[in-house]
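Observations on chain architecture
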Amino acid sequence: MDTIARCKKLKIASLFAGIGGIDLGFAQAGFDIVWANEIDKSAADTYRYNLGDSSIVVGDIKNIEANEIPDFDVLTAGFPCQSFSTAGSQRGFEDSRGNLFFQVVRVVEAKNPKVIFLENVENLIEHDDGKSFLTVYNALAPLGYSFKYKVLEPYEYGNIPQKRARVFIVGFLDDSVCSKFSFPAPIPLTQKIETLFERSVKHSDCYYYDNSNQHFSKLKTLVTRRDCVYRIYDYGVSPKAYTICPTLIAYMATCNHERVPIILDDYGIRRLTPYECLKLQGFPNDFKFAPGTPMRNAYKQVGNSVCVPIIKRIAEQIKIAME
């Protein structure tokens, strides 16, 4: 009987699932996705296209009763980060998006999962002099959970050449299981950033810069290497050549795509495609945006997602601790 129990797949339910980056990482580690929720229909369409439509429910989590969610072992939630990000307003729990964390608490109270897996921006730890992070702890610890947390970077822990510091918080209902859990160790970055690029997307001229762009003359001077990316920020073109890509952001599609990383290929200077951005998040080559997804939505979806290999490695460690 014990052997059967150990072999049984652990079940996950996912809040704020997006296109399924967290769910995909857990699935790759051998977990079974039984339920997921996402309010953005376009992101949910991409989720369905890749992970199937049997588990994803589209709608506002505030309108979903906890008893409608099937039983599960692990609750995952990459709850909205804009209210804690240094790139946002940093209003924290005063922001309606920050308050969505308490929907996580509501589901935990009702379903009592064995494990809670949370992901957010690194700044959650320091925001409001640490009070926001303490709010997370104080909301869940009284429900019987013990926690470990750590900030991980894709280029240090996922063999992905992107700088994207995120805090991962893992809570266990059984303190003895928590004591067995450890975050994955760092691994060498062996993947070169240029291996993720197509050498030409000439059939899609919308990606290339020309004289019609105000930054083109500066780009021609600065963008000279083919083994790295460049970036246009709000203040203008950064003179730095990045061998590790700066953080991909959700609003890459705004301002004429100027926040999308830029490369030099066989035909000129261009921004990365949404699929190249997916590779910089560690998604497999067969992962596709849902047919008909507008480019603006595609950039937003990948910028809101996670580094899949890191998720998989943490999920594997959770599995080891629970076994």
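In this report, the structure presented in the accompanying data block is examined. The structure presented is a predicted model; accordingly, all values stated were derived computationally and were not measured.

1. As for the environment of Phe 289
- Here Phe 289 is to be found in the loop between helix H9 (274-279) and helix H10 (295-303).
- When the C-alpha atoms of Phe 289 and Gly 236 are compared, they prove to be 30 Å apart, with 53 residues separating the residues in sequence.
- Beyond its immediate sequence surroundings of up to four residues, Phe 289 is in contact with Thr 46, Tyr 49, Pro 274, Tyr 275, Leu 278, Ala 298 and Gln 301.

2. Examining empty space enclosed by the protein
- Inspection of the entire model under this criterion finds one cavity of 30 Å³ or more.
- What lines the largest cavity is Glu 119, Leu 152, Pro 154, Arg 164, Arg 166, Phe 168, Val 306, Cys 307 and Ile 310.
- Each residue belonging to the lining of the largest cavity can be placed in one class, and the counts come to six nonpolar, no polar and three charged.

3. Some remarks on helix H11 (residues 308-322)
- Its 15 residues place the ends of H11 21 Å apart at the C-alpha level, agreeing with the 21 Å of an ideal helix rising 1.5 Å per residue.
- Residues of H11 that are buried: Val 308, Pro 309, Ile 310, Ile 311, Ile 314, Ala 315, Ile 318 and Ala 321.
- The inward-facing, buried residues of H11 contact helix H2 (21-28), strand S5 (115-121), strand S6 (146-152), helix H6 (154-157), strand S7 (166-172) and helix H7 (175-180).

4. As for the pattern of salt bridges
- Within this structure, the stated rule accounts for 13 salt bridges.
- One salt bridge in this structure joins Arg 225 and Asp 227, with 3.0 Å as the shortest N-O distance.
- Look at Arg 225 and you get partly exposed, because its relative accessible area is 37%.
- According to the relative accessible area criterion, Asp 227 is partly exposed, its value standing at 28%.

5. Structural notes on the sheet that holds S7
- Spatial strand order, S3-S2-S1-S4-S5-S7-S6: seven strands in an open sheet with mixed pairing. With partners counted over all chains shown, the strands left at the sheet margins are strand S3 (56-58) and S6, one partner each. The sheet shows a mean angle of 15° between the axes of neighbouring strands, taken without regard to direction.
- Direction of pairing for strand S1 (residues 11-15) relative to strand S4 (residues 74-77): parallel, over a ladder of four bridges. Across the sheet, Ser 14 pairs through a bridge with Thr 76, a residue of S4.
- In the packing of H11 onto the sheet, the strands contacted are S5, S6 and S7, and the crossing angle to S7 comes to about 20°.

Criteria and thresholds
- Residues numbered from 1 in each chain as written.
- Predicted model: local features only at pLDDT ≥ 70, side-chain atom pairs only at ≥ 80, totals over all residues.
- Heavy atoms only, no water.
- Helix = DSSP H or I, 4+ residues; strand = E, 2+ residues; numbered from the N terminus.
- Contact = heavy atoms within 4.5 Å.
- 1 Å grid on protein atoms, 1.4 Å probe; cavity = no way out; pocket = protein on both sides within 12 Å on 5 of 7 lines; lining within 4 Å.
- Points joined across faces, edges and corners; volume = space filled by probe spheres on them.
- Nonpolar A, V, L, I, M, F, W, Y, C, P; charged D, E, K, R; others polar.
- Expected span 1.5 Å × (residues − 1).
- Buried < 20%, exposed > 50% of the residue type's maximum accessible area, 1.4 Å probe, protein only.
- Salt bridge = Lys/Arg side-chain N within 4 Å of Asp/Glu carboxyl O.
- Pairing = 2+ DSSP bridges.
- Axes fitted to C-alpha atoms, helices over the stretch in contact; angles between N-to-C directions.

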